[in-house]
Amino acid sequence: MTDSTAARPLEMDKAYEHRLVEQRLYEWWERNGLFAPRDDAPRPPFVISIPPPNVTGELHLGHAMFVAIEDLLIRWRRMQGYQTLWVPGTDHAGIATQTQVEKLLEREGTSRQAVGREEFLRRTWEWKEKYGGEITRQLRRLGASCDWSRERFTLDPGLSRAVHTAFKRLYDDGLIYRGTYLVNWSPKLQTAVSDLEVEYEERNVSIWYVRYPVRTADWAGPTAPWGSGQWAAGATEFITVATTRPETILGDTAVAVAPGDPRYAHLVGKEAILPALARPLPIIADEYVDPEFGSGAVKITPAHDKNDYEIGKRHHLPMINILNPDATINEVGGPYVGLDRFECRKAILADLEREGLLVKTEPHKMNVGISQRGGEIIEPLLSEQWFVRTRPLADLAIAAVRDGRVRIVPERFEKVYFHWLENIEDWCISRQLWWGHRIPVWYMPDGSIVVPGPDEPPPAEGVQDPDVLDTWFSSGLWPFSTLGWPDETDDYRRFYPTSVMETGYDILFFWVARMMMMGCYFTGQPPFHTVYLHGLVRDEHGRKMSKSFGNVVNPLDIIEQYGADALRYTLVTSGTPGQDVNLNPQRIESARNFANKIWNITRFVISKLGNLPRTESSKVTAESLQTAGYTLADRWILSRYAHLVAEVDRLMEGYNFGEAGRQIHDFLWGEFADWYVEIAKVQLEGDEQRNELTRRVLFTVLDGSLRLLHPFMPFVTEEVWQYLTEAYQRPDPEPATPFAGLGLRTISYATYPEPAPLTALRDEAAEADWSLVQSLIVAIRNVRSEYKVEPARLVAATVVAGDRADLLRAQAALISRLARVAAGDLVIVNELAERPRQAASIVIGSVECFLPLAGMIDLAAEQARLQKELAQAEADVARRTARLNNESFISKAPPHVVQREREGLEAAQAALARLRERLAELA
């Protein structure tokens, strides 16, 4: 027996304290290897590869969301007997990690260029070893049941070999090439970045209108120097363009207008003269131009704008790059060489105004691309880079979803997936960094290129490409490279393809699609059979969390205050697949209260179990249910439990985890705790045989419910289950446990309840009969509440039940206790000759119940109170009616105000009717 009781009291404390439980349990789970896949599992492998967080990262709510969902999946399948494996790991995060180390060097008064590549990489590995484990420690705080013995890092030797192999194969197959194309350029980081690393913000900017002189027979170009104020002297015709980036004027190679635009038709085919540089620009017609935007004429800068780049290719225009890597103006910039791009903007605008070429400036709103890592405005830049030809890969990824080998949940995202892959562009995979997988390409003295395989020595006389691969390249290989691809490792043979990929829908394209392309291409099969997409975690008002809003929430703070179970349960049950989650603090508090409720329920049940064996043999079976004297309430709760198991099974298999968790909550709290536990208190006052049957029901339902809940709230369920089953006191696992060789007992390997064995417990008649009893009790409680009867006071009741009278008489003891009706004053009859006077009446289907008011309240005082409320209600109805009859109010008030007043009148009229009813009962 492996000790699971370190610091655990032999008896449950009065209150649940997550701070005393969660860390102790997690260390016990991990120390005993409970997260490793079991060789003796009766079902096949079920595998998830964790979306690898950045090695530099700290826990945020996105991590908390994926851990809550993936851990739920793994724990559920583990309990079902699958050979589960959750592969953990971290991503080297090229830009983020390099930035951290560069900041460190900067504080030391040096730089990466100064220390050199080899020393910089040594320092980066040193930094990674010191700080890189924080994110995995924090994932443990959430309860992630990963097999940490298989933890991977994207720069590990095995994964690096996989990256090298993939590059070599794609290159040899003609799918990797080097070319000059437009990329997202981060001037601060001085590297190309992926689309995912660009965030768009709507900003208030300006749009400037600039006149370009047109070359005419009597004006061939400027004769005065730029800045003299006479540069365009003599020009007789101009074409005005609109731009939001005046500095890019220096890279213009054409002016474009819409075909057939009557304002400019006579200019098409002529030349404009570029301000400052006097470069001749052809005036062209292109369908892209919107004649309604700006002046209807646009400057074309193919090397610095995506749309202009496409126009440039169509019209075979030269592509002139005006920027150095740090976004200063390069040698083609004439008088502006060396200026920062925004300094250049100011200078060129001043010069344009001096030359009389700046027509006007207008405010404008537009989305501006911001570097996620550098924080500066991204610059579209023509750059020589390495690319992957994605069309053949995308076709494979599309086919895997279309033919049903891969399922996307929710299904509506298939259209988004197909649209992106069908319109995919070639993928820029090179980054001008030092930290990452260095591109395995050598340039030879004779100008040739050599790409050796991972087992081949590099050419001695060659020079290796200085760039590294985009982090997403290695991430695309993640699901199968973590298992040992391209070598035939035991893990690879056993566990590939992985079963599920769970991720936020915002990276469906950038990561999931790339994993699909890579997996299908390199292995011939997709890397998972299901893609489950969740939404963003937003604040309680639905806003995206950001530092600018001041609404960023630290998951560790939530865990400290409420516990990991509360956070996990809230995240999973606050929405449906693919929807964003609004994180309401009240829901987290409610989830914490639910954990406390589970603790208190278990304490009660344990206190009543007596000497009942805490094993499978004590559970209610279909056979025992038929032969023993179980009550209506027993049969009702067992039937409801069987119904719950069937619903949870259906919902979980359909990936509707939120609704499954909500139903478990509603059953445990609303049916088991609020009803059956109270019923059990009455039934346990019977003889020993009756007591034992109640104990069996309590044990059966609570044990099964805790198993259902465990994937959602692993800590509290493990702790109370250990007490409930006395698992920590008994060295031998149950014979029925599928992992008998484990040598310890844990709910992690307790069998998850399945519908089929419980079908015989379903009893629709018992549910219908108890529903009547329950409705009667609730109705009596409601009347007591309305009349403000003191809780300790017992009331009288006469129930007229017709053919349901025998049923209710059999439940009289429970009705009396739970509805606070005096046992001697509870009369249940088939018929009643005369309706009692001064009695509150309740109608439930064919059953009617009368509660004599004289025994509940001071009639005179109640009449006086109700008369006062009646007068107030009549005044309220009159006031609202008058307002709604006022034509001025109806015509001038906003529609939502009028609607609110109508709803208020309906509520006031309903309250007035209730008051009149109750006064009539007292009369």
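This report concerns the structure included in the present document. (Residues numbered from 1 in each chain as written. Predicted model: local features only at pLDDT ≥ 70, side-chain atom pairs only at ≥ 80, totals over all residues. Heavy atoms only, no water.)

### Focus on helix H7 (residues 157-172)
Part 1 of the argument: Under the 1.5 Å per step criterion, the end-to-end length of H7 is 22 Å for 16 residues, consistent within 8% with the ideal 22 Å.
Part 2 of the argument: All of the buried residues in H7 are Leu159, Ala162, Val163, His164, Thr165, Ala166, Phe167, Lys168 and Leu170.
Part 3 of the argument: Positioned one or two residues after H7, Gly174 has a phi angle of 80 degrees, which is positive. (Helix = DSSP H or I, 4+ residues; strand = E, 2+ residues; numbered from the N terminus. Expected span 1.5 Å × (residues − 1). Buried < 20%, exposed > 50% of the residue type's maximum accessible area, 1.4 Å probe, protein only.)

### Thoughts on the packing of aromatic side chains
Part 1 of the argument: Summed over all chains, the structure comprises 37 aromatic pairs.
Part 2 of the argument: Considering the side-chain rings of Phe480 and Trp485, the 5.3 Å spacing of their centres and the 90 degrees angle between planes classify their relative orientation as edge-to-face. Comparing Phe480 with Trp485 shows no difference in burial state: the two are buried.
Part 3 of the argument: Site record: aromatic cluster; members linked through ring pairs are Phe480, Trp485, Tyr492, Tyr496, Tyr521 and Phe522.
Part 4 of the argument: In this arrangement the basic side chain of Arg77 is found over the ring face of Trp76, its NZ or CZ atom lying 3.8 Å from the centre.
Part 5 of the argument: We note Arg781 situated over the ring of Trp675; from NZ or CZ to the ring centre the distance is 4.8 Å. (Phe/Tyr/Trp six-rings, centres within 6.5 Å; stacked < 30°, edge-to-face > 60°. Lys NZ or Arg CZ within 6 Å of the ring centre and 35° of its normal.)

### Some thoughts on empty space enclosed by the protein
Part 1 of the argument: In total, this model carries 2 cavities of 30 Å³ or more according to the counting rule given.
Part 2 of the argument: A volume near 110 Å³ is recorded for the largest cavity.
Part 3 of the argument: Taken together, 15 residues form the lining of the largest cavity, with Ile69, Tyr532, Val572, Gly575 and Thr576 sitting closest to its centre.
Part 4 of the argument: When contributions to the lining of the largest cavity are tallied by element, the ones reaching two or more residues are helix H2 (61-79), strand S23 (530-534), helix H17 (564-573) and helix H21 (657-683). (1 Å grid on protein atoms, 1.4 Å probe; cavity = no way out; pocket = protein on both sides within 12 Å on 5 of 7 lines; lining within 4 Å. Points joined across faces, edges and corners; volume = space filled by probe spheres on them.)

### Notes on the sheet that holds strand S7 (residues 198-213)
The strands making up a sheet are joined through hydrogen bonds of the backbone, oriented either antiparallel or parallel.
Part 1 of the argument: On the basis of which strands lie adjacent, the open sheet formed by 3 strands has the order S8-S7-S13 and antiparallel pairing. Taken across any chain shown, the strands that pair with only one partner, and hence form the sheet edges, are strand S8 (238-243) and strand S13 (358-371). Shown here is a sheet whose adjacent strand axes are inclined to one another by a mean of 20 degrees, direction ignored.
Part 2 of the argument: Pairing of S7 with S13, which is carried by 13 bridges, proceeds in the antiparallel orientation. Paired with Glu199 across the two strands is Ile370, which belongs to S13. (Pairing = 2+ DSSP bridges. Axes fitted to C-alpha atoms, helices over the stretch in contact; angles between N-to-C directions.)

### What to know about the nonpolar core
Part 1 of the argument: By size, the foremost hydrophobic cluster in this structure holds 225 residues, and its most contacted members are Phe167, Tyr417, Phe473, Phe672, Tyr676, Phe712 and Leu808.
Part 2 of the argument: Here this core gets 13 residues from one element, more than from any other, and that element is H21.
Part 3 of the argument: Leave out the neighbours within four places in its chain, and Phe672 touches Ile601, Val605, Ile637, Phe667, Val677, Leu698, Val701 and Leu702.
Part 4 of the argument: Among the nonpolar cores identified, the runner-up in size contains 38 residues, and Tyr177, Trp226, Ala235 and Val255 belong to it. (Core = buried A, V, L, I, M, F, W, Y, C linked by side-chain atoms within 4.5 Å. Contact = heavy atoms within 4.5 Å.)

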